[in-house]
Amino acid sequence: MLYREAGQFKSTYAQDSQIFPLLQDRVAMVALLLVAFIVVPLVGDQYWLSAIITPFLVLSLAALGLNILTGYAGQLSLGTAAFMAIGAFMAYNAVLRIPGIPILAAFAIGGLCAAAVGLVFGLPSLRIKGLYLAVATLACQFFVLWAINRIGWLSNHSSSGVITAQSMAIFGFAIATPAAKYLLTLFVVVFMALAAKNLMRSETGRAFMAVRDMDVAASVIGIPMMKTKLLAFAISSFYCGVAGALYAYCYLGTVEPEAFTLDLSFRVLFMIIIGGVGSILGSFLGAAFITLFPIFLSVGSKWIETLLGIEMSHAVVSNTEAIIFGSLIILFLIVEPLGLARLWQVAKEKLRLWPFPH
Amino acid sequence: MTFFIEVVAGGLLAGVMYALVALGFVLIYKASGVFNFAQGSMVFFAALTFVSLMERGWNIWLALAVTMVAMILVGVAIERVVLRPLVNQPPITLLMATIGLTFVLEGISQLMWGSQPHGLELGIPDVPMEWLSERWNINISQFDLFAAAVAGILVAVLALLFQKTRIGRALRAVADDHQAALAVGIPLQHIWAIVWATAGFVALVAGVMWGVRNGVQYALTFVALKALPVLILGGFESILGAIVGGLIIGASEKVAEVYVGPMVGGGIESWFAYVVALLFLLVRPEGLFGEKHIDRV
């Protein structure tokens, strides 16, 4: 009833090609942003802001980066965490070695360094594809972590490779409280998500999708294979690098290279699979699911313990959580291979016809 | 010179251990086109079940048989619950499903048997062969040779199974073309169950060998990561490739670790195998013995 496009006519090209063609969508989006920028920092308490919402946003950005590469350009990668690590450590070095550098510029430097490494490890994609490529990207994951551990310069010769994020300030405002860090993260994520959305609607994005759907056909119709694939790797790594810098500066504060293991790469990959491959919205939905689900599980297990009046050992709880988590992923793949974004789309289509579906 | 021979021989024998794990991957990939990331946790599950049964005082052969039955059940269950509903999905979906499976298998095995590390003894000492070290001053572990022999027997048995039996013919037919195999009346689902059970058996053998070497503990799941470069080097579809790839990776890794490692600060074994495989792929994208893919528009 409320969600109708009836009466909304498009009379200019600009209207025809806007991101949210429906007025209701635009209103909802503005409302969501208002809530995110104003209500959440006012209402949210310390724990929620710093332990749940900020990591959710950071991981959404990483998932977005992987989605550009895997979902849009069709190149499977298992090296996400490595690019995040490069972003984190290079942003740290930028702040450390360039006096007076704005923090956003340091994040950008982290992202650019990740993009450069991404270019190098994207080179094999010109020759190999599919699962072979996925395994090849593991080389990046292991090599980068090894290099960060070995090259003392990167962590300013700290003994165990641990770096501590410096204090941040933008135009003289210190960014120290969880709310301020949350706002900084939110700003970066919203900006980059908008950029990604527009990029994927442009010629570049369409070239990515053509390569994903069939690379031979794409090259036959004149899409430069090398440029497109390498660009996909570079952009994706840039996003992951910035996400890594945010991960270090706004979420963890103190980072060791072991924060960026293969496990993190898998978690980001799960996010885009569960959220929806090849969908910007899906990156956010998937990140929300993967971040919130373990919290629900542990709350649930506590609840069951008090309900049944038994004490479960820590090992039992964590193993049961792993089993439930794994089964849920399998279940998701079986029931909805296109992810949460697809469910959302179906819901919207139903909503358009509601309450008179015929 | 003897030192070099010793290094290469040690590397080759370590490569046999990688190949044992890689074999399980190849079996499943060949027959069902699934890249089974859960192979590592199957190895862990098998080894943990076996060692836990033995620690409860079971006879070694009985424990082996019971573990084997458990692995067959796991294989059949995986086919039934995970793979059958996912037929015709793209490879990345199947890969993700097996990663999910990894969590489930690791959770179940630690829930059943606890997570403390176990030692495993088969009565074959992990010491250098005496006559070799006396004659030529080369140290090669007895256990490594035993593992190599086991791997050889395993490959021979698999080759016999694939080449000489009715099931083997069906397996090869399914590997060649699912639809054509279905059309001539080969029951695809039975075949997949058999393949997963066989992979479970291979996982058991690999698990026992690795268990003796490193102890049965959670780190055993990471041997799968060691097997991946072997796979891309040898090609996903070839049993021979798994063996040859394992030997190449094992030897080059050891040589690099001994001669190059000290120059760059050591610890290069975590990624060196991948880089070797990667460089190799640039020359031959389908691996040593993999099938060449021809793309049609």
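Check the entry above for the structure.
> In this structure, what is going on with the overall build of chain A? I would like to understand it.
Looking only at helices and strands, one finds 14 helices and four strands in chain A. The globule rule puts the C-alpha radius of gyration for 358 residues at 21 Å, and the 21 Å found for chain A is close to it. With the C-alpha coordinates of chain A rotated into their principal frame, the extents come out at 70 × 65 × 45 Å. When burial is assessed residue by residue, chain A has 44% of its 358 residues classed as buried. Of the contacts formed within chain A by residues at least 6 apart in sequence, a portion of 76% connects residues at least 24 apart.

> Sorry if this is basic, but what is going on with the interface of chain B and chain A here?
In many reports, interface size means the accessible area that the parts give up when they come together. The partner chain A presents 35 residues to the 39 residues of chain B that form the contact. Mapped by element, the contributors of at least two residues to the side of chain B that touches chain A are helix 4 (91–113), helix 10 (223–234) and helix 13 (272–283) of chain B. Here the element with the most residues in the side of chain B that touches chain A is helix 4 of chain B; it accounts for 17 residues.

> Just checking my understanding: could you explain the nonpolar core for this structure?
Buried together is how nonpolar side chains tend to be arranged in soluble globular proteins. By size, the foremost hydrophobic cluster in this structure holds 206 residues, and its most contacted members are Leu61(A), Ala85(A), Ala91(A), Leu246(A), Ala22(B), Val43(B) and Ala47(B). Sorting elements by how many residues they give to this core places helix 9 (residues 188–214) of chain B first, with 18 residues. When sequence neighbours within four positions are dropped, the list of residues in contact with Ala22(B) reads Ala227(B), Val230(B), Leu231(B), Gly234(B), Ala242(B), Gly245(B) and Gly246(B).

> Explain unusual backbone geometry here, please?
Comment: phi is negative for the bulk of residues other than glycine, and the bulk of peptide bonds are trans. Residues and elements named next belong to chain A. Phi at Asn 156 is positive, roughly 55°, even though this residue is not glycine. With respect to the element layout, Asn 156 can be found in the loop between helix 6 (131–150) and strand 1 (163–164). Taking the C-beta count within 10 Å as the criterion, Asn 156 has 14 such neighbours and is therefore assigned partly exposed.

> In this structure, what is going on with the packing of helix 11 (residues 239–259) of chain B against helix 13 of chain B? I would like to understand it.
For any two helices packed against each other, the geometry is given by the interaxial angle and the distance between the axes. Residue and element names in this part refer to chain B. Between helix 11 and helix 13, the least distance of the axes is 9 Å, while the angle of their chain directions is 125°. Taken together, the axes of helix 11 and helix 13 are oblique relative to one another. Where helix 11 crosses over helix 13, the handedness of that crossing is right-handed. Note on element contacts: helix 13 touches helix 11 through Phe 272, Ala 273 and Val 276, opposite Ile 249, Ser 252, Glu 253 and Ala 256. Its residues placed into classes, the contact of helix 11 with helix 13 shows five nonpolar, one polar and one charged.

> Looking at this structure, how should I read the environment of Gly172(A)?
If you trace the backbone, Gly172(A) turns up in the loop between strand 2 (168–170) and strand 3 (173–175). As a C-alpha pair, Gly172(A) and Val316(A) span 144 residues in sequence and 49 Å in three-dimensional space.

> What am I meant to see in the environment of Ala63(A) here?
Mapped onto the fold, Ala63(A) is located in helix 3 (residues 46–72). Contact partners of Ala63(A), with chain neighbours within four places excluded, come to Val268(A), Met271(A), Ile272(A), Gly275(A), Ser283(A), Gly286(A) and Ala287(A).

> Help me understand helix 7 (residues 178–200) of chain A, please; the structure alone is not making it clear to me.
Note: α-helices contain 3.6 residues per turn, so residues at a spacing of three or four share the same orientation. Residues and elements named next belong to chain A. For helix 7, built from 23 residues, the straight-helix expectation of 33 Å at 1.5 Å per residue is met to within 8% by its first-to-last C-alpha distance of 32 Å. Of the positions making up helix 7, those classed as buried are Pro 178, Lys 181, Tyr 182, Leu 183, Leu 184, Thr 185, Val 188, Val 189, Met 192 and Ala 196. Contacts made by the buried residues of helix 7 are with helix 2 (23–43), helix 3, helix 5 (103–122), strand 3, helix 10 (225–252) and helix 12 (280–308).

> Explanation requested: helix 8 (residues 203–213) of chain A in the structure shown.
Residues and elements named next belong to chain A. Taken together, the buried positions of helix 8 are occupied by Ala 207, Phe 208, Val 211 and Arg 212. Seen end-on, helix 8 carries its buried residues on one side only, within an arc spanning 140°. Pointing more than 90 degrees away from the buried face of helix 8 are the exposed residues Glu 203 and Asp 213. Here the buried face of helix 8 lies against helix 3, helix 9 (215–220) and helix 10.

> I keep staring at the packing of helix 2 (residues 39–55) of chain B against helix 9 of chain B and nothing clicks. Help me out?
Residues and elements named next belong to chain B. The contact between helix 2 and helix 9 brings their axes to 7 Å, and the two run at 65°. Looking at the two axes, helix 2 sits roughly perpendicular to helix 9. Crossing handedness for the pair helix 2 and helix 9: right-handed. Across the interface between the two elements, Gln 39, Met 42, Val 43, Phe 44, Ala 46, Ala 47, Phe 50 and Val 51 of helix 2 pack against Ala 199, Gly 200, Ala 203, Leu 204, Ala 206, Gly 207, Val 208, Trp 210 and Gly 211 of helix 9. Residues of the contact of helix 2 with helix 9, tallied by class, amount to 13 nonpolar, four polar and no charged.

Reading the values: rules and limits
- Residues numbered from 1 in each chain as written.
- Chains lettered and ligands numbered in written order.
- Predicted model: local features only at pLDDT ≥ 70, side-chain atom pairs only at ≥ 80, totals over all residues.
- Helix = DSSP H or I, 4+ residues; strand = E, 2+ residues; numbered from the N terminus.
- Rg over C-alpha atoms; globule rule 2.2 N^0.38 Å.
- Buried ≥ 20, exposed ≤ 12 C-beta atoms within 10 Å, placed from the backbone.
- Contact = placed C-beta atoms within 7 Å.
- Core = buried A, V, L, I, M, F, W, Y, C linked by C-beta atoms within 7 Å.
- Axes fitted to C-alpha atoms, helices over the stretch in contact; angles between N-to-C directions.
- Parallel < 35°, antiparallel > 145°, perpendicular 65-115°, else oblique.
- Left-handed = near helix turned anticlockwise from the far one by under 90°.
- Nonpolar A, V, L, I, M, F, W, Y, C, P; charged D, E, K, R; others polar.
- Expected span 1.5 Å × (residues − 1).
- Arc of directions from axis to C-beta.

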